[in-house]
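Take a look at the letters that make up each chain.
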Amino acid sequence: NGHRYDSIPFANGMIGAGMSCQLIHYCHEEHDKFFELCKNFHFIIVRCNPGQIKADGGDQQKFDDGMRAVRKCGIQVWPSPDVMEKMGAKDALCKVANMNIGLPDTLAYYSEEEFAAGFKKTMAFQPRVIKQNRGSSGEGIWIIKLKEGNYCSTFGERCCEDGEKLSLMEANDNHEEEHTVGEFIEFCVNGRTDKSGEWTSKGVGKYLEGGKEAGGQLVDQRFCPRIVEGELRYNCVGDALVGIIHKKPKEGGISAVGGTGSVYTYYGPDEAKFSNLTEGFLKKDLPLVMPALDLPDEPIPLWWTTDFILSSPEGTPAEEEKWIVGEFNCSCVG
């Protein structure tokens, strides 16, 4: 019927709690009619992923402005366009870099010049994860290592040359490719060209297209090798943790995206083995997250998730383990 399958239990849960909840489609051809209808509700839960409206021929900015106008009428919108944009943007990782859940060497690039200079320096020092801003389900997230393994001993000691070979794995399907530094930079900036070589990725590159205002950005984060042990997804409703999912990649893989053979194990919010992370995240870092994302006046999303990666070396006692944010998601959790 065109609705997300997981919107049905959303609606039934609210109906079961005594509320009226109605599922309505947004059709861009009936934009004004849709937003006039929205004024009859006390709150709106948006179940459209960024990009879906544009792909259907609509205007995402027009839709977002419509939701902002609804909020000005005193009607709550979860998530609001600004929360969805800033919390879902990959450079959110840079804004929490100095919290317990961040890594201080997390960088964001918004131009070709910044990316080329920064990536050549970080890549020469240690394996990296480069993340595009617009993709979903791991598309455009690259785990990258120097093929020769000739990393420098201190950061900034050297920079990679364009001709150095890289071993890359994309998180959406764990497929591997080999390219030079120059080819990778070209693909990220301009997509498939004569200079970027042959790519088997399902994506098209061009991750900086449109500049910062249009969401063009790349985030450069340290690769944490213990990701092969799995990620933790914290499911939250407001500021309450309601469940934890351990997502372990298929043997030989790195990404635990659904559909790649990964194994999911489900835990309750009070799981003792993760109590150190839970305590630190909910009580120490969570109150700081929205202000850090330039959203001090916005409420925490109704339903949202945080994916954590273990960054501590093997042998670290559980009570001293450091888990860092790989991604926030509030744009259509399901």
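Calculation rules
- Residues numbered from 1 in each chain as written.
- Predicted model: local features only at pLDDT ≥ 70, side-chain atom pairs only at ≥ 80, totals over all residues.
- Heavy atoms only, no water.
- Buried < 20%, exposed > 50% of the residue type's maximum accessible area, 1.4 Å probe, protein only.
- Helix = DSSP H or I, 4+ residues; strand = E, 2+ residues; numbered from the N terminus.
- Pairing = 2+ DSSP bridges.
- pLDDT = per-residue confidence, 0-100.
- Axes fitted to C-alpha atoms, helices over the stretch in contact; angles between N-to-C directions.
- Contact = heavy atoms within 4.5 Å.
- Phe/Tyr/Trp six-rings, centres within 6.5 Å; stacked < 30°, edge-to-face > 60°.
- Lys NZ or Arg CZ within 6 Å of the ring centre and 35° of its normal.
- Core = buried A, V, L, I, M, F, W, Y, C linked by side-chain atoms within 4.5 Å.

(A) View of the pairing of strand 4 (residues 128-132). Within strand 4, 5 of the 5 residues are buried, which leaves it mostly tucked inside the rest of the structure. Here strand 4 shows a buried face lined by R128, I130 and Q132 and a second buried face lined by V129 and K131. Taken together, the 4 bridges between strand 4 and strand 5 (residues 141-146) define a ladder with antiparallel strand orientation. In the strand pairing of strand 5, K131 is matched with I141.

(B) Representation of the confidence of the model for the protein. Per-residue pLDDT for the protein has a mean of 92; in total, 97% of the residues score no lower than 70. Per-element averaging of pLDDT across the protein places helix 3 (residues 52-55) at the bottom with 87 and helix 8 (residues 181-190) at the top with 98.

(C) Expanded view of the sheet that holds strand 13 (residues 323-329). On the basis of which strands lie adjacent, the open sheet formed by 5 strands has the order 11-10-9-12-13 and antiparallel pairing. Edge positions in the sheet fall to strand 11 (263-267) and strand 13, since each has one partner strand and no second. Each strand axis lies, on average, 25° off the axis of its neighbour in the sheet, ignoring direction. Pairing of strand 9 (residues 231-237) with strand 12 (residues 303-310), which is carried by 6 bridges, proceeds in the antiparallel orientation. Bridged to N235 within strand 12 is T305. Packing of helix 9 (residues 275-292) onto the sheet brings it into contact with strand 9, strand 10 (240-248), strand 12 and strand 13, and relative to strand 12 it is tilted by some 120°.

(D) Region of the structure containing the packing of aromatic side chains. Within the structure shown, the criterion is met by 25 aromatic pairs. Taking the centre distance of 5.0 Å and the plane angle of 85° together, the rings of F34 and F35 count as edge-to-face. Its end group placed over the ring of F10, R47 keeps NZ or CZ at 4.4 Å from the ring centre.

(E) Region of the structure containing the sheet that holds strand 8 (residues 218-222). The 6 strands lie next to each other as 3-8-4-5-6-7, forming an open sheet whose pairing is antiparallel. For this open sheet the edge positions go to strand 3 (107-109) and strand 7 (176-180), each flanked by a neighbour on one side alone. The mean angle between the axes of side-by-side strands here comes to 25°, regardless of whether they run parallel or antiparallel. One ladder, built from 5 bridges, connects strand 4 with strand 8; its direction is antiparallel. Within the sheet, the bridge partner assigned to Q132 lies in strand 8 and is L218. This element, helix 7 (residues 112-125), spans strand 3, strand 4, strand 5, strand 6 (165-170) and strand 8 of the sheet and lies at about 150° to strand 3. In the packing of helix 8 onto the sheet, contacts are made with strand 4, strand 5, strand 6, strand 7 and strand 8, and the angle to strand 7 comes to roughly 105°.

(F) Local environment of the nonpolar core. Counting residues in hydrophobic clusters, the biggest one holds 29 residues, and the most contacted among them are M87, L232, Y234, F281, W304, F308 and F328. Here this core gets 6 residues from one element, more than from any other, and that element is helix 9. With residues near it in sequence (within four places) discarded, Y234 still touches L241, G243, I244, F274, L277, T278, F281, W304, T305, T306 and F308. By size, the runner-up hydrophobic cluster in this structure holds 24 residues, among which are W142, I144, L168 and W199.

(G) Looking closely at unusual backbone geometry. With an omega dihedral of -20°, the bond running from W78 to P79 counts as a cis peptide bond. Following the sequence through the fold, P79 ends up in the loop between strand 2 (76-78) and helix 5 (81-88). Even without being a glycine, K206 presents a positive backbone phi close to 55°. For K206, the position within the fold is in the loop between helix 8 and strand 8. You will see that D294, though not glycine, has its phi angle at about 65°, which is positive. Tracing the chain through its elements places D294 in the loop between helix 9 and strand 12. Residue D294 is classed as partly exposed on the basis of its relative accessible area of 46%.

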